[in-house]
Amino acid sequence: MKRTPIGFDFLLAYSLAIVYPADLDIKTMRRLLIVEDDQNILDSLVFAVSDIPNVEISQGSSLKSARSMMMESQFEGLLLDLGLPDGNGLELIEKDGVAETLPTLILTAAIDREMVVRAIVAGARGYLTKDMPNDAIASAVEDLLVGNCVMSSSATRLLMSYVKKESQDALERISDFGLSQKELEVLKLIREGSTYLEIAESLHIALSTVQYHIKNIYSKLGVTSKISALQRVYG
């Protein structure tokens, strides 16, 4: 599976709270699907969210049952376990694209940095651990149902450490290539989709100067195309 590049701006924006929709009517009945294969944990989750007003709870215990239920009914929220008997819960959001239209909250026994990032990139609104108290889980589900992002403290720490590492790695790659500040500015604009003429106008330099910088960038990176240059520097 091709991994989606993760930008710093995207991850930073994700960490900010989403404002409640102004026109949301919380009196409307909302349907929540909980997918968990451990019956004891499932019962505990149902109990934790049962007091949330105007929420109708449906239960599934596998990828197959979840897919079947989502085909038959429309839900406003999904509480999804990862370790299911017939596969990883991430399949629903990575392969099926469920989280693109259905607010999804990942709930799992242990926090794994790769899983956290994969879940967020695939569209999950949050990532919680099963050892959280019932009131915290209920609060997270309420936030999910009104459009907010939810993240446990441990998942947030892992996510921010990933951001820090990715940013540092990018800076180290750039410094290794010996690109000048102006060459970096040109490459950044290329990454944003600017044409050579637009780069010239943006940086207030001649088109021939842009072409000169491009030539130097290619030479320093040992590449012959814009795509190769971007892949070499930004990965």
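Coordinates for the structure precede this section.
Residues numbered from 1 in each chain as written. Predicted model: local features only at pLDDT ≥ 70, side-chain atom pairs only at ≥ 80, totals over all residues. Heavy atoms only, no water.

Trainee: Which parts of the structure should I look at to understand the overall build of the protein chain?
Mentor: Counting secondary structure elements, the protein chain contains eleven helices and eight strands. Across the 235 residues in the protein chain, those meeting the buried criterion constitute 41%. Put simply, of all contacts in the protein chain between residues at least 6 apart along the chain, 66% involve residues at least 24 apart. Accessible surface computed for the protein chain: about 13,000 Å², of which carbon and sulfur atoms make up 53%. (Helix = DSSP H or I, 4+ residues; strand = E, 2+ residues; numbered from the N terminus. Buried < 20%, exposed > 50% of the residue type's maximum accessible area, 1.4 Å probe, protein only. Contact = heavy atoms within 4.5 Å. Areas by Shrake-Rupley, 256 points an atom, 1.4 Å probe, with all protein chains shown as cover.)

Trainee: Which parts of the structure should I look at to understand helix 3 (residues 63-72)?
Mentor: An α-helical turn contains 3.6 residues, so any two residues separated by three or four positions project in the same direction. Burial in helix 3 covers these residues: Leu63, Ser65 and Ala66. Burial along helix 3 is one-sided: seen end-on, the buried residues are contained in an arc of 165 degrees. Every exposed residue of helix 3 that faces more than 90 degrees away from the buried side is listed here: Lys64, Met71 and Glu72. Contact partners of the buried residues in helix 3: strand 1 (30-35), strand 2 (55-60), strand 4 (83-84), strand 5 (87-88) and helix 4 (90-94). (Arc of directions from axis to C-beta.)

Trainee: Honestly, the pairing of strand 6 (residues 104-108) in this entry has me stumped. Any pointers?
Mentor: Within a regular beta strand, the side chains point alternately toward one face of the sheet and then the other, so they alternate between its two faces. Most of strand 6 is tucked away: five of the five residues are buried. Residues of strand 6 alternate between two faces, with Thr104, Ile106 and Thr108 on one and Leu105 and Leu107 on the opposite face, all of them buried. Sheet topology note: the strand 3 (residues 77-81)/strand 6 ladder contains four bridges and is parallel. Within strand 6, the position partnered with Leu79 by the bridge is Leu105. Summarising the sheet, strand 6 and strand 7 (residues 126-129) pair through four bridges and their orientation is parallel. Bridge pairing in strand 7 places Thr108 opposite Thr129. (Pairing = 2+ DSSP bridges.)

Trainee: What is the right way to read the pattern of salt bridges from this model?
Mentor: Opposite charge on two side chains permits them to pair, given that their charged atoms come into close proximity. Applying the stated criterion across every chain, the model contains eight salt bridges. Notably, a salt bridge pairs Lys188 with Glu192, separated by 2.5 Å at the nearest N-O pair. Owing to a relative accessible area of 46%, Lys188 belongs among the partly exposed residues under this scheme. Judged by relative accessible area, Glu192 falls into the exposed class, the value being 52%. Salt bridges sharing common partners tie together Glu36, Asp81 and Lys130. (Salt bridge = Lys/Arg side-chain N within 4 Å of Asp/Glu carboxyl O.)

Trainee: Can you walk me through unusual backbone geometry in this structure?
Mentor: If a residue is not glycine, its phi is most likely negative; likewise, a peptide bond is most likely trans. One non-glycine residue, Asn54, adopts positive backbone phi at about 55 degrees. Position of Asn54 among the secondary structure elements: in the loop between helix 2 (39-49) and strand 2. With relative accessibility at 30%, the residue Asn54 sits in the partly exposed group. Phi is positive for His204, close to 60 degrees, though the residue is something other than glycine. Residue position: His204 is located in the loop between helix 9 (196-203) and helix 10 (207-221).

Read these as layout, nothing more, since geometry by itself doesn't imply function.
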